[in-house]
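For reference, the chains in residue letters:
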Amino acid sequence: MKGLKVYAIAYLLFLYAPIFLLPMFAFNDADIIAFPLSGFTTHWFEELTRNAALQAAVRNSLIIAASTAVLSTILGICAARAATMADWPLKRPMMGLIMLPLVLPEIIVAVSLLVVIVQVFGLGLSNTTIIAAHTLICMPFSIAVLNGAFQNLDPALEEAALDLGESRWSAFRLVILPLVMPGIISSLLISFTISLDEFIIAFFLSGANPTMPVYIWGLLRFPGQLPVVMAMGTILVALSIVLLTIAEIMRRRGLKRAGLKDTGGFL
Amino acid sequence: MTLIQLTGVNKHFGDYHALRDIDLEIQQGEFFSLLGPSGCGKTTLLRTIAGFEDVGTGAIRIDGRDMKGVGPNLRPTNMVFQSYAIFPHLSVAENVGFGLRRADMTREEKTRAVGQALEMVGLGGYGARAANALSGGQRQRVALARALILEPKVLLLDEPLSALDKKIREQMQVELIKLQREVGITFILVTHDQEEALVMSDRIAVMFDGGIGQMDDPETLYRRPKSKRVAEFIGMMNFLDGEVTQTGARIEVKVQGLGRCTVESEQAPGGVAPGPVGIGIRPETLSLLFEGETTTRKQVDAVVDEVVYYGDMTYYDMRVAGIDKPLTLSMKNLIGRPVLDVGTETRVAWDERSLVLLGR
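No experiment lies behind these values; they were computed from the predicted model shown. Residue positions within a chain follow its written sequence, with the count starting from 1. Each chain gets a letter, beginning with A, and each ligand a number, beginning with 1, in the order they are written. Local features in this predicted model are restricted to residues of pLDDT 70 or higher, and side-chain atom pairs are both shown and tallied only at a pLDDT of 80 or more, whereas totals for entire chains, interfaces and linings draw on every residue. Excluded from the side-chain calculation are hydrogens and water; included are all heavy atoms of the structure.

A. Seen up close, the overall build of chain A. Put simply, DSSP H or I for four residues or longer makes a helix, DSSP E for two residues or longer makes a strand, and each gets a number counted from the N terminus. Along chain A, the regular secondary structure elements total eleven helices and zero strands. Considering only C-alpha atoms, chain A reaches an extent of 70 × 60 × 35 Å along its principal axes. For chain A, with 267 residues in total, the buried portion stands at 42%. Any two residues having at least one pair of non-hydrogen atoms within 4.5 Å are treated as being in contact. Restricting to contacts in chain A with at least 6 residues of sequence separation, those with at least 24 account for 69%. Each residue is placed in one exposure class: buried if its accessible area under a 1.4 Å probe, protein chains only, is under 20% of its type's maximum, exposed if it is over 50%, and partly exposed if it falls in between.

B. Here's a closer look at the packing of helix 3 (residues 52-84) of chain A against helix 4 (residues 91-99) of chain A. Residues and elements named next belong to chain A. Running from N to C, helix 3 and helix 4 cross one another at 150 degrees; their axes reach a closest spacing of 11 Å. Between helix 3 and helix 4, the interaxial angle falls into the category roughly antiparallel. The hand of the helix 3/helix 4 crossing is left-handed. On the side of helix 3, the interface is formed by Ala 79, Ala 82 and Ala 83, while helix 4 contributes Lys 91, Met 95 and Ile 98. Residues belonging to the contact of helix 3 with helix 4 are distributed by class as follows: five nonpolar, no polar and one charged. Angles here are taken between N-to-C directions and fall from 0 to 180 degrees, while the axes themselves are lines fitted to C-alpha atoms, restricted in helices to the stretch in contact. Roughly parallel means an angle under 35 degrees; roughly antiparallel means over 145; roughly perpendicular covers 65 to 115; every other angle is labelled oblique. Left-handed describes a crossing in which the near helix is turned anticlockwise from the far one by less than a right angle; the clockwise case is right-handed. Under this grouping Gly is polar, as are all residues other than the nonpolar Ala, Val, Leu, Ile, Met, Phe, Trp, Tyr, Cys and Pro and the charged Asp, Glu, Lys and Arg.

C. Representation of the packing of aromatic side chains within the structure. In this analysis, rings of Phe, Tyr and Trp, with Trp reduced to its six-membered ring, are considered paired at centre separations within 6.5 Å, and the interplanar angle assigns stacked below 30 degrees, edge-to-face beyond 60, and tilted for intermediate values. Under the defined criterion, the tally for this structure stands at twelve aromatic pairs over all chains. Ring centres 5.3 Å apart and planes at 25 degrees place the aromatic pair Phe 199 of chain A and Phe 203 of chain A in the stacked group. Given the relative accessible area of 27%, Phe 199 of chain A is considered partly exposed. A centroid spacing of 6.1 Å and a plane angle of 90 degrees characterise the contact between Phe 208 of chain B and Phe 233 of chain B, whose relative ring orientation is edge-to-face. In this pair, Phe 208 of chain B is assigned in strand 9 (residues 203-208) and Phe 233 of chain B in helix 8 (residues 228-233), connecting sequence segments 25 residues apart. Given a relative accessible area of 22%, Phe 233 of chain B falls into the partly exposed group. Here, over-ring charges are defined by two tests on the NZ atom of lysine or the CZ atom of arginine: distance to the ring centre within 6 Å, and angle to the ring normal within 35 degrees. Between Arg 146 of chain B and the ring centre of Phe 87 of chain B, over which it is positioned, the NZ or CZ distance is 4.6 Å. The lysine or arginine in question, Lys 228 of chain B, covers the ring of Phe 239 of chain B, its NZ or CZ lying 5.0 Å from the ring centre.

D. Representation of the interface of chain A and chain B. Facing 20 residues of chain A, the contacting portion of chain B comprises 21 residues. Considering only the side of chain A, the residues that lose the most area to chain B are Glu 159, Asp 163 and Leu 164 of chain A, jointly responsible for 36% of the buried surface there. One speaks of a salt bridge when a side-chain nitrogen belonging to Lys or Arg is within 4 Å of a carboxyl oxygen belonging to Asp or Glu. One can count three salt bridges joining chain A with chain B. Where Arg 102 of chain B meets Glu 166 of chain A, a salt bridge forms, and the shortest distance between an N and an O atom there is 3.0 Å. Residues adjacent in sequence count toward polar contacts only when both atoms are side-chain atoms; beyond that, a polar contact is any pair of N or O atoms within 3.5 Å, and within protein one must be able to donate a hydrogen and the other to accept it. The tally of links from chain A across to chain B stands at ten residue pairs in polar contact (both at pLDDT 80 or more). Contributing elements (two or more residues each) for the side of chain A that touches chain B: helix 7 (155-163), helix 8 (168-196) and helix 11 (226-257) of chain A. When residues in the side of chain A that touches chain B are grouped by element, the largest group, seven residues, is from helix 7 of chain A. Of the residues assigned to the side of chain A that touches chain B, the class counts are ten nonpolar, three polar and seven charged. Two parts placed together each lose some accessible area; with a 1.4 Å probe, that loss summed over both constitutes the buried area.

E. Focus on helix 5 (residues 166-183) of chain B. All names here are of chain B. To estimate how far a helix should reach, multiply one less than its number of residues by 1.5 Å. A rise of 1.5 Å per residue sets the reference length of helix 5, with its 18 residues, at 26 Å; its end C-alpha atoms lie 26 Å apart and thus fit the reference within 8%. Listed in full, the buried residues belonging to helix 5 are Met 172, Gln 173, Leu 176, Ile 177, Leu 179 and Gln 180. Here the buried residues of helix 5 occupy an arc of 165 degrees about the axis, which is enough to place them on one side. Structural note: helix 5 exposes Lys 167, Lys 178, Arg 181 and Glu 182 on the side pointing more than 90 degrees away from its buried face. Lining the buried residues of helix 5 we find strand 3 (31-35), helix 3 (107-120), helix 4 (136-148), strand 7 (154-158), strand 8 (186-191) and helix 6 (194-200). The first or second residue beyond helix 5 is Gly 184, which carries a positive phi of 70 degrees. Here, the arc refers to the directions that run from the helix axis to the C-beta atoms.

F. Looking closely at the packing of helix 6 (residues 127-151) of chain A against helix 8 of chain A. Residue and element names in this part refer to chain A. Across the interface, helix 6 lies against helix 8 with an axial gap of 9 Å and an inter-helix angle of 140 degrees. Here helix 8 runs oblique to helix 6, going by the angle between their axes. In the crossing of helix 6 with helix 8, the sense of the turn from one axis to the other is right-handed. Counting all contacts with helix 6, which are made through His 134, Ile 137, Cys 138, Phe 141, Ser 142, Val 145, Leu 146, Ala 149 and Phe 150, the residues of helix 8 involved are Phe 172, Ile 176, Val 180, Gly 183, Ile 184, Ser 186, Ser 187, Ile 190, Ser 191, Ile 194 and Ser 195. Of the residues belonging to the contact of helix 6 with helix 8, the class tally is 13 nonpolar, seven polar and no charged.

G. Representation of the sheet that holds strand 13 (residues 259-264) of chain B within the structure. All names here are of chain B. Here a strand pair is declared whenever DSSP counts at least two bridges between the two strands. Strand order in the open sheet made by the five strands is 13-12-11-14-20, with antiparallel pairing throughout. Each having just a single partner strand, strand 13 and strand 20 (355-358) make up the two edges of the open sheet. For this sheet, the mean inter-axis angle between neighbouring strands, taken without regard to orientation, is 45 degrees. Where strand 11 (residues 238-246) meets strand 14 (residues 275-281), seven bridges bridge the pair, whose relative direction is antiparallel. Of the residues in strand 14, the one forming a bridge with Phe 239 is Gly 280.

H. Local environment of the sheet that holds strand 10 (residues 211-216) of chain B. Residue and element names in this part refer to chain B. Taken together, six strands build an open sheet; the order of strands is 6-7-8-3-9-10 and the sheet is mixed. Strands with a single pairing partner mark the edges of an open sheet, and in this sheet they are strand 6 (77-80) and strand 10. With strand direction ignored, the average angle separating the axes of adjacent strands in the sheet is 20 degrees. Note: strand 3 against strand 8, five bridges, orientation parallel. Its bridge partner being in strand 8, Leu 34 is matched across the sheet by Val 190. Each of strand 6 and strand 7 touches helix 4; the most contacted strand, strand 6, lies at about 175 degrees to it.

The structure is reproduced here in structure tokens:
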């Protein structure tokens, strides 16, 4: 029993201790990343605000993440709705294929997309290409969240709305949409977070304007910039935690609204 | 006046023949039930009338209008779903008023209509409550009010009482009958509970394997079932083997263990031909002779094989010479009447009028 406890604590430390180093050195008044700490400073955060290239990268990332979140959620709604409807031919293989990017190595996705976009279609690399690729990898997450929301719905609810005089579209808008709204918000936040800090695909597919993770990776070549990276990372981690927490709260609220028990969440 | 008319309706789900040659006429103001075991097609039939399922072949006419291609939102029908399908994100009043969204009414008129509908189902003052906070019986009432507020020509009820406790169910049965008389709307009820169908309906269609086995009023259905299957499904029935020796206005039949009998032709509602025939006898049409009792009815020697005491009634399984399985009969537990022990030798009184000749 004691051995297990030690193991569990060591496991958690191994997982999360490095993340705690981020804020530690982000506020450390020294150029080099090393103990002992030299004192408190917000200098590195101030430097962040002065770096125009970094700001452009952040703007890129935000545009990409927001577009990806919206696209992947809209497509996810369609897929989840189709998955919860009565059986249609090839439903299972089709859903399997849509979920596949979840386990596909990202480097493979990145390389093959690069080949397709540049060689096959002869297109240039831009934010659009990254949005398309991020939508691809975010969709399985959106579907996983939305599937839960749609599956929890009694199919009679939609029929009841039809029976009471609504059209298919207005039944969806008045009954289904409000009931799956927490799932939609949850899906938006999760896709946004995934896209925001995705590196491999963005690295391959970004042209002249890097995204934030790609820019941070570029900074690493200059040791003097390392604390700035730490400051950036601190902001990212805080943002991710906040967004994912909201996503989970929305998912649980959705279950409660539908009057269902929590059967283990996505997070 | 005929309100709903189904002619030659067939429906397949893949290879599965869900509805077979359904011909049906339902009158304006009638309380009509579709009764049958699960999987018999009763719910499918209700859903085709509501417009949730297409008919394969055949036609459905409601109020003289062919319903082909008419969606559920455009039919003069409203449904109470088995799960009630109360919208969980809306209040009770919003649920009940949902169908009025497209109605040409002012806000005040709508509010008044919702109030009246809630009053009608005994939920006056519940409007502001969250739909999630209601009990099963209350949800059922909300579903009723929501469907009736649109004053449909037909109200369709899909097993509306099956999720309720026995007490509330019986209370709701009576309330539903009263409500139906009050509003005068045609009700079509789907149920697997034969007692519920007998209590509530003007007419019942008993369904098996997608087809209608028999369609009659409750009393005829109970007293004169046309086939063994219908007889088995409705109430309790003893089945004996017999042989018809003469047909005509009066039918001569030899009954296993009971001997030669003569019955009226109306006792063979499914038709009759010379040769082997199934005979049905309801337990309550047989009686035991207690000590000192006499009767002018026919009698046969019997031994008590099993006793089941229900409080108001006692059910006896009787062994009778010449009948291979025990004959079940029920006796009212009147004052001074004992409950006999297993093994008691006594006599069973019976009557030719209680026999039903069952078709195949």
